[in-house]
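Fold and contact review
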Amino acid sequence: MKSRIILLIMIITISLHLVCNVSAQNGLAGQIGANVTNVEYKLNDKTGSVIFHIDTELQNNSDVGIMEIQYRLRFLDKYGEEMQTAYGTFNGQDTPLAPGKTVSHFRGGQFKAEKKPADISVEVISALSEEELPPIYVPKAGDLVFQVLNNKNLENIKEEPPIVIKLWIDRGGARDEALLESPEEIAEFIDAFTQVRIREETNTFVTDNYNGLSMEFANGEYYWISLNLNNLEYQIYDTWHIFELTDDELFWQLMYGLTKPANYKP
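Please read all numbers here as calculations on a predicted model, not as lab measurements.

Calculation criteria
- Residues numbered from 1 in each chain as written.
- Predicted model: local features only at pLDDT ≥ 70, side-chain atom pairs only at ≥ 80, totals over all residues.
- Heavy atoms only, no water.
- Pairing = 2+ DSSP bridges.
- Helix = DSSP H or I, 4+ residues; strand = E, 2+ residues; numbered from the N terminus.
- Buried < 20%, exposed > 50% of the residue type's maximum accessible area, 1.4 Å probe, protein only.
- Arc of directions from axis to C-beta.
- Contact = heavy atoms within 4.5 Å.
- Phe/Tyr/Trp six-rings, centres within 6.5 Å; stacked < 30°, edge-to-face > 60°.
- Patch = residues over 30% accessible without salt bridge, like charges linked within 9 Å, V, L, I, M, F, W, Y side chains within 5 Å.
- Areas by Shrake-Rupley, 256 points an atom, 1.4 Å probe, with all protein chains shown as cover.
- Salt bridge = Lys/Arg side-chain N within 4 Å of Asp/Glu carboxyl O.
- Lys, Arg positive; Asp, Glu negative; His and termini not counted.
- Charge placed at Lys NZ, Arg CZ, Asp CG, Glu CD.

1. Points about the pairing of strand S11 (residues 222–228)
- Summarising the sheet, strand S10 (residues 210–216) and S11 pair through seven bridges and their orientation is antiparallel. Bridge pairing in S11 places Asn-211 opposite Leu-227.
- What sits between S10 and S11 in their antiparallel hairpin is a turn of five residues, with Gly-220 showing a positive phi close to 90°.
- Note: S11 against strand S12 (residues 231–236), three bridges, orientation antiparallel.

As structure tokens, then:
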């Protein structure tokens, strides 16, 4: 009997905790204003689809900085019936939406339909404060790469280098690889790597050139760096950034010089 009472108390406590969390979340979402400011539709007769471009203004009416807002768009026909639903997510990356401020967020896409929607509605479904989802620094031109990827192992890489480094070069599907394990090889590579800087952010993406490296540290942690051809790919929350690099000549000499064709057995 006593164990049943304890179990019942635990269930009630957990339920109250979940209710409080949901209530708090709904409360913050309720303090975000949302208004569709621009709507563009185009019918694609070949695919039987509607292509949409939507701009939504989001306003922070709370007293805290907001890092992420998720909202729902409902596309309605002339009778007010829902044709389709789409979701959008604003993420501040390194800059929370300050109290009293607004931001315009774009959402594009398409859905199957023979006619354009007659109306559209928007609803905020969740919001996260900067305390719940802290801002992350977005690299800027001139930054040393190893110092700005939000990783303590990289920041301390000169004092505590990795114990193993794996390199790979993608040659249109064929892969060259290298495994660096000796302190001498690792020191040479780290010296070149820590010289590399950010040149600028770019939208250029190249297919079939997915290069990169991984590092294993003495504390058992790993870090992977993704390189699209010669550019750095870096993810902040759900957003990918692509950066051109500079001061990277020695780095790429080692990347291409140390890697050899991978010998995978069938």
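There's more to say after this.
2. Focus: helix H4 (residues 249–258)
- Listed in full, the buried residues belonging to H4 are Phe-251, Trp-252, Leu-254 and Met-255. On an axial view of H4, the arc spanned by its buried residues comes to 160°, and they lie on one face. The exposed set on the far side of H4, more than 90 degrees from its buried face, consists of Glu-249 and Gln-253.
- If you follow the buried residues of H4, they end up packed against strand S7 (164–171), helix H3 (183–193), S10 and S11.

3. Describing the packing of aromatic side chains
- All told, the structure shown has ten aromatic pairs when counted by the stated rule.
- With a centroid separation of 6.2 Å and an interplanar angle of 70°, the aromatic rings of Tyr-41 and Phe-75 are classed as edge-to-face. Taken as a pair, Tyr-41 in strand S1 (residues 32–44) and Phe-75 in strand S3 (residues 66–76) lie far apart in primary sequence, 34 residues in all. Here Tyr-41 matches Phe-75 in class, with each residue buried.
- Plain terms: the ring middles of Phe-75 and Phe-111 are 5.0 Å apart, the flat faces sit at 35° to each other, and that makes the pair tilted. Remark: Phe-111 occurs in strand S5 (residues 102–112) and Phe-75 occurs in strand S3; sequence separation between them is 36 residues.

4. Focus on a negative patch on the surface
- A grouping of Glu-181, Glu-184, Glu-185, Glu-188 and Asp-191 is seen on the molecular surface, where their side chains present a negatively charged patch.
- By the element assignment, Asp-191 lies in helix H3.

5. Details of the pattern of salt bridges
- In this structure the tally under the stated criterion is eight salt bridges.
- Of the charged contacts, one joins Arg-74 and Glu-82 as a salt bridge, the two residues approaching to 2.9 Å between their closest N and O atoms.
- Taking the relative accessible area as the measure of exposure, Arg-74 reaches 28% and is therefore partly exposed.
- Judged by its relative accessible area of 44%, Glu-82 falls in the partly exposed class.
- Put simply, Arg-197 and Asp-247 hold a salt bridge, and the shortest N to O gap is 3.6 Å. Separated by 50 residues along the polypeptide, Arg-197 in strand S9 (residues 197–202) and Asp-247 in the loop between strand S13 (239–246) and H4 bring together distant segments of the chain.
- Residue Arg-197 is classed as partly exposed on the basis of its relative accessible area of 31%.

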